[in-house]
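Okay, here's what each chain looks like letter by letter:
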Amino acid sequence: MKATWGVAASATLHCLTGCAIGEVLGMVIATALGWHNLPSIVLAVALAFVFGYALTLRGLFRAGLKWRQALRLALAADTLSILVMEIVDNGVMLIVPGAMDAGLASLLFWGALAFSLLVAFLVTTPINKWIIGRGKGHAVIHAYHH
């Protein structure tokens, strides 16, 4: 698999989709429950990993892989990408003044969350390009998606 910017962007968008679903769901739940920053972030990160891996597993199961092999491939393909994405987007949420404390009806909350995911995409794409170029990350599962 050639490590082009297009391939890296595609892999990052795949990762971002799962991360965004988990991140948004976690932040919405935590904000609705009035949780403080740390438990909010823990829930959002946990759900981002769950949904990120789930999207990859779905494709691998469709390709006919068994649970154990699919799980190993998903962990190998997505862990670093999800980890970087989560560090960046939660870091951005923490540095935007008032974003973590804004309510669900707040433009600040949704704007900061969208901005944090955009920044995470921009930071993670070159990392994914480097990983794919080394035959790791999404390069490991690419053959199963076609």
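Report follows, based on the coordinates. Everything quoted here is computed from the prediction, not taken from an experiment. (Residues numbered from 1 in each chain as written. Predicted model: local features only at pLDDT ≥ 70, side-chain atom pairs only at ≥ 80, totals over all residues. Heavy atoms only, no water.)

## Concerning the environment of Phe-115
Its place among the elements puts Phe-115 in helix H4 (residues 107-133). The partly exposed category is assigned to Phe-115, whose relative accessible area is 46%. In the structure, Phe-115 is positioned 22 residues away from Met-93 in sequence and 8.6 Å away in space, judged by C-alpha atoms. (Helix = DSSP H or I, 4+ residues; strand = E, 2+ residues; numbered from the N terminus. Buried < 20%, exposed > 50% of the residue type's maximum accessible area, 1.4 Å probe, protein only.)

## Quick notes on the packing of helix H1 (residues 5-32) against H4
Between H1 and H4, whose axes approach to 8 Å, the crossing angle comes to 145°. Helix-helix and strand crossings are classified by hand; for H1 and H4 the assignment is right-handed. (Axes fitted to C-alpha atoms, helices over the stretch in contact; angles between N-to-C directions. Left-handed = near helix turned anticlockwise from the far one by under 90°.)

## Here we look at the environment of Leu-55
By the element assignment, Leu-55 lies in helix H2 (residues 37-62). Exposure remark for Leu-55: the relative accessible area of 19% places this residue in the buried category. Taking the C-alpha atoms as reference points, Leu-55 and Ile-29, separated by 26 residues in sequence, lie 21 Å from one another. Apart from the residues lying within four places of it in its own chain, the contact partners of Leu-55 are His-14, Thr-17 and Gly-18. (Contact = heavy atoms within 4.5 Å.)

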